[in-house]
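Structure assessment
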Amino acid sequence: QKEVEQNSGPLSVPEGAIASLNCTYSDRGSQSFFWYRQYSGKSPELIMSIYSNGDKEDGRFTAQLNKASQYVSLLIRDSQPSDSATYLCAVIPLNGNKLVFGAGTILRVKS
Amino acid sequence: EAGVAQSPRYKIIEKRQSVAFWCNPISGHATLYWYQQILGQGPKLLIQFQNNGVVDDSQLPKDRFSAERLKGVDSTLKIQPAKLEDSAVYLCASSLVVRGFYGYTFGSGTRLTVV
């Protein structure tokens, strides 16, 4: 079982729609969860972090965490073509302060 | 605040040659990481330094990869000899943990092509 799993996509949504990205993790003791955006040829860029169960909103982005289900999601409202990128879910496991990444989900927003 | 600096940006080498990458982290960041990102995959941690000591190198192919962090600041990652499957982007990151918040910053990466 991979430590962090994501659907590779691509996920295609029309402009203005809500994009929903999902991630599961295997280490039940994990405490810190992150979403990174990576444009082609660029390095990952942090867009959201979440540490406790529930929702965290920042502009058009909402991160959701359910530790009981070991599930993290990212919602992007009013999706724009500029949101087209790979979204990486990352977790800091209980046994260290290193980021463990999923394989990423490719998002395509069509205008 | 200056970001994480990496060089070179691109490198093309033949298999069995050697190559080295350099990273200068953000000033004051005690922890430095080297990640390998193969096309279509997420970044995979190769090695983690705390100051100039190795914290985790469990996924570093030690028969061909080596890394050091000089005086707890700059770091170099070396591959000798390179294989075709080493073609990837090598990302350096540094972090500062403040009251449970992990301030990770990535450099621009070095894209390595082994032919």
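What comes next concerns the included structure. (Residues numbered from 1 in each chain as written. Chains lettered and ligands numbered in written order. Predicted model: local features only at pLDDT ≥ 70, side-chain atom pairs only at ≥ 80, totals over all residues. Heavy atoms only, no water.)

What follows concerns the packing of aromatic side chains. In total, this model carries 12 aromatic pairs over all chains according to the counting rule given. Relative to Tyr35 of chain B, the ring of Phe101 of chain A has its centre 5.6 Å away and its plane inclined at 85°; by these criteria the two rings are edge-to-face. Here the residue Phe101 of chain A occupies a position in strand 10 (residues 100–101), and Tyr35 of chain B occupies one in strand 4 (residues 31–37), the pair thus bridging two chains. Comparing Phe101 of chain A with Tyr35 of chain B shows no difference in burial state: the two are buried. Taking the centre distance of 6.2 Å and the plane angle of 35° together, the rings of Tyr33 of chain B and Tyr35 of chain B count as tilted. With relative accessibility at 0%, the residue Tyr35 of chain B sits in the buried group. Members of the aromatic cluster, connected to one another through ring pairs, are Tyr36 and Phe101 of chain A together with Tyr33, Tyr35, Tyr104 and Phe106 of chain B. Sitting over the face of the ring of Phe61 of chain A, Arg60 of chain A holds its NZ or CZ atom 5.5 Å from the ring centroid. (Phe/Tyr/Trp six-rings, centres within 6.5 Å; stacked < 30°, edge-to-face > 60°. Helix = DSSP H or I, 4+ residues; strand = E, 2+ residues; numbered from the N terminus. Buried < 20%, exposed > 50% of the residue type's maximum accessible area, 1.4 Å probe, protein only. Lys NZ or Arg CZ within 6 Å of the ring centre and 35° of its normal.)

Many analyses report the size of an interface as the accessible area lost when the parts associate. Between chain A and chain B, the residue contacts involve 17 residues of the former and 21 residues of the latter. Summed over both partners, the interface of chain A with chain B comes to about 1,500 Å²; 53% of that surface belongs to carbon and sulfur atoms. In terms of surface lost to chain B, no three residues of chain A exceed Asn97, Lys98 and Phe101 of chain A, which account for 34% of the buried area on that side. On inspection of chain A and its partner chain B, the count reaches 1 salt bridge. The shortest N-O distance in the salt bridge between Lys98 of chain A and Asp56 of chain B comes to 2.8 Å. For the pair chain A and chain B, the number of links is 5 residue pairs in polar contact (both at pLDDT 80 or more). When contributions to the side of chain A that touches chain B are tallied by element, the ones reaching two or more residues are strand 4 (32–38) and strand 9 (85–92) of chain A. The greatest single-element share of the side of chain A that touches chain B, amounting to 4 residues, is contributed by strand 4 of chain A. (Contact = heavy atoms within 4.5 Å. Buried area = accessible area lost by both parts, 1.4 Å probe. Salt bridge = Lys/Arg side-chain N within 4 Å of Asp/Glu carboxyl O. Polar contact = N/O pair within 3.5 Å; in protein donor to acceptor, adjacent residues only side chain to side chain.)

Among the nonpolar cores identified, the biggest contains 24 residues, and Phe33, Trp35, Val72, Leu74, Ile76, Tyr87 and Leu107 of chain A are the most heavily contacted of them. The set of elements that each furnish at least two residues to this core consists of strand 3 (19–25), strand 4, strand 5 (45–50), strand 7 (61–66), strand 8 (71–76), strand 9 and strand 11 (105–110) of chain A. Every residue in contact with Leu107 of chain A, bar those within four places of it in the chain, is listed here: Leu11, Val13, Ala19, Ile76, Asp83, Ser84, Ala85 and Tyr87 of chain A. Counting 21 residues, the second largest nonpolar core, distinct from the first, contains Leu32, Ile47, Ala88 and Leu112 of chain B. (Core = buried A, V, L, I, M, F, W, Y, C linked by side-chain atoms within 4.5 Å.)

Turning our eyes to something else, we now look at the environment of Lys42 of chain A. For Lys42 of chain A, the position within the fold is in the loop between strand 4 and strand 5. As for Lys42 of chain A and Val13 of chain A, which are separated by 29 residues in sequence, their C-alpha atoms are 22 Å apart.

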